[in-house]
Amino acid sequence: MDSPYKTSLCLPLDSTLVAALAKMTAAIGSADWFDTVLDLLGTVCAIDSGGAMVFHRNQRPRRIVHRFNPLERKLPEDAFLSGPYALDPNYQLFLQDCPTGIYWLRDIAPDDFYETEYYRVFYSQIGLSDSIDLLWRINADTALNIFIERSIRNTRFQPADLIAISALAPLVFAATAKHHELTAAASSRDTDQQTHRKVQSTIEHFASSLLTQRERQVLFYMISGYSSALTAQRLGTTEGTIKIHRKNIHRKLDIGSQAELFSLFINCIPFAQPDQSTDPLEAYQSAPSTRKTVYLP
């Protein structure tokens with residue numbers, strides 16, 4: 001019997017696929033629509049988990065639906081929305097004004113993504129090894145993101161999977177436009193906006209009291225998973241210069257590893273002051289010594 005993780009390059013228009021297409025079409029405008037989309041994608045490509053959320057430029061993402069096996073997750077369900085979303089490759093791509101389309105993690109992630117602390121202490125801790133996202137632009141500041149995922153216990157997506165999803169994408173995007181038209185009354189929540197403002201403030205001011213502007217640019221590439229070589233390319237300098245900056249960052253922050261840097265950044269988020277240009281690291285360091293690391297296993 002063929003493995004469910006082996007996708008055919010030819011999609012048969014059989015009764016299962018036709019039924020899934022009909023169910024998705026019938027559900028447009030209803031609260032169940034996103035579940036029918038995931039069901040449809042699952043008929044042509046093996047999926048271990050998935051969901052949908054709205055990306056916002058000026059507030060944290062808003063989850064709509066999320067299917068996953070809680071036994072495979074070592075972190076709370078809301079861990080992603082409390083700050084790590086800011087380092088997610090798909091969210092970063094959204095901020096860069098990417099168009100409506102299909103985005104495979106393998107193609108968009110930084111070159112060292114699977115060796116980063118972000119992957120080790122967050123991504124892998126929620127049981128994931130790979131994802132494919134269908135991003136539909138609502139406007140310049142908002143997008144609907146439908147994502148499908150593979151567990152770390154199974155094989156990652158293959159090119160055949162991307163071909164299968166791409167074959168259905170025009171239908172999904174057309175249905176997405178109609179669904180959004182019928183349900184556009186959704187309002188943002190104050191808590192989402194406040195959390196996002198804290199995350200953005202941390203990105204803008206983290207370690208500003210200790211590091212130079214150039215060092216903080218390098219720091220953000222470090223926690224986002226970029227190698228020294230790619231960071232040098234992005235900043236228009238040499239790899240050797242980037243390595244010197246990295247060494248200075250470790251020395252000034254008194255840390256010895258990428259794990260400590262990632263933990264420090266995440267734990268500073270609650271201490272950020274969005275309306276002030278203050279370094280959240282200073283507030284974090286002056287807090288009681290009973291503080292705990294949130295994400296490191």
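Just above, that's the structure.
Here the structure is a predicted model, which is why all the values come from computation and not from measurement.

Visitor: Can you help me understand the environment of R67 in this one?
Guide: Locating R67 in the fold gives a position in strand β2 (residues 62-67). On the basis of relative accessible area, R67 is assigned to the partly exposed category, the value being 32%. Expressed as a C-alpha distance, the spacing of R67 and G50, which sit 17 residues apart in the sequence, is 5.3 Å. When sequence neighbours within four positions are dropped, the list of residues in contact with R67 reads D35, L38, D39, S49 and G50. Separated by 3.1 Å, the side chain of R67 and the backbone oxygen of D35 make a polar contact.

Visitor: Would you take a moment to explain the sheet that holds strand β4 (residues 128-139) for this structure?
Guide: Strands belonging to one sheet form pairs held by backbone hydrogen bonds; the direction of such a pair is parallel or antiparallel. As summarised here, the arrangement of the 5 strands in space is β2-β1-β5-β4-β3, forming an open sheet in which the pairing is antiparallel. Both outer strands of the open sheet, β2 and β3 (101-104), are each paired with one neighbouring strand and no more. Ignoring which end each strand starts from, the neighbouring axes of this sheet average 15° apart. Sheet topology note: the β3/β4 ladder contains 4 bridges and is antiparallel. Paired with I102 across the two strands is L134, which belongs to β4. Across the sheet, helix α6 (residues 159-183) touches β3, β4 and β5 (142-151), and the angle it forms with β4 is around 35°.

Visitor: Sorry if this is basic, but what is going on with unusual backbone geometry here?
Guide: Phi is mostly negative for residues that are not glycine, and the peptide bonds are mostly trans. For A207, which is not a glycine, the phi torsion comes out positive at approximately 65°. Along the chain, A207 falls in the loop between α7 (190-205) and α8 (213-224).

Visitor: What should I look at first to understand the side chain of S228 in this one?
Guide: Here S228 lies in helix α9 (residues 228-235). At 3.4 Å, the side chain of S228 forms a polar contact with the side chain of R246. The residues contacting S228, other than those within four sequence positions of it, are E239, I242, K243 and R246.

What counts and what doesn't
Numbering of residues begins from 1 in every chain and follows the order in which that chain's sequence is written. Per-residue local features of the predicted model are confined to residues with pLDDT of at least 70, and side-chain atom pairs are confined, for both listing and counting, to 80 or more; whole-chain, interface and lining totals are unaffected and use all residues. Hydrogens and water molecules were not included; the side-chain quantities draw on all heavy atoms of the structure. We count a stretch as a helix when DSSP gives it H or I for four or more residues in a row; a strand needs E for two or more, and each element gets its number in order from the N terminus. Using a 1.4 Å probe on the protein chains alone, a residue whose accessible area is under 20% of its type maximum counts as buried, one over 50% counts as exposed, and one in between counts as partly exposed. Whether two residues touch is decided by their heavy atoms; if any such pair falls within 4.5 Å, the residues are in contact. The term polar contact refers here to a pair of N or O atoms within 3.5 Å; inside protein, the definition further demands a hydrogen-donor-capable atom paired with an acceptor-capable atom, and it admits residues adjacent in sequence only when both atoms are side-chain atoms. Pairing between strands is defined by DSSP: at least two bridges between the two strands are required. Axis definition: a line fitted to C-alpha atoms, limited for helices to the stretch in contact. Angles are taken between N-to-C directions and run from 0 to 180 degrees.

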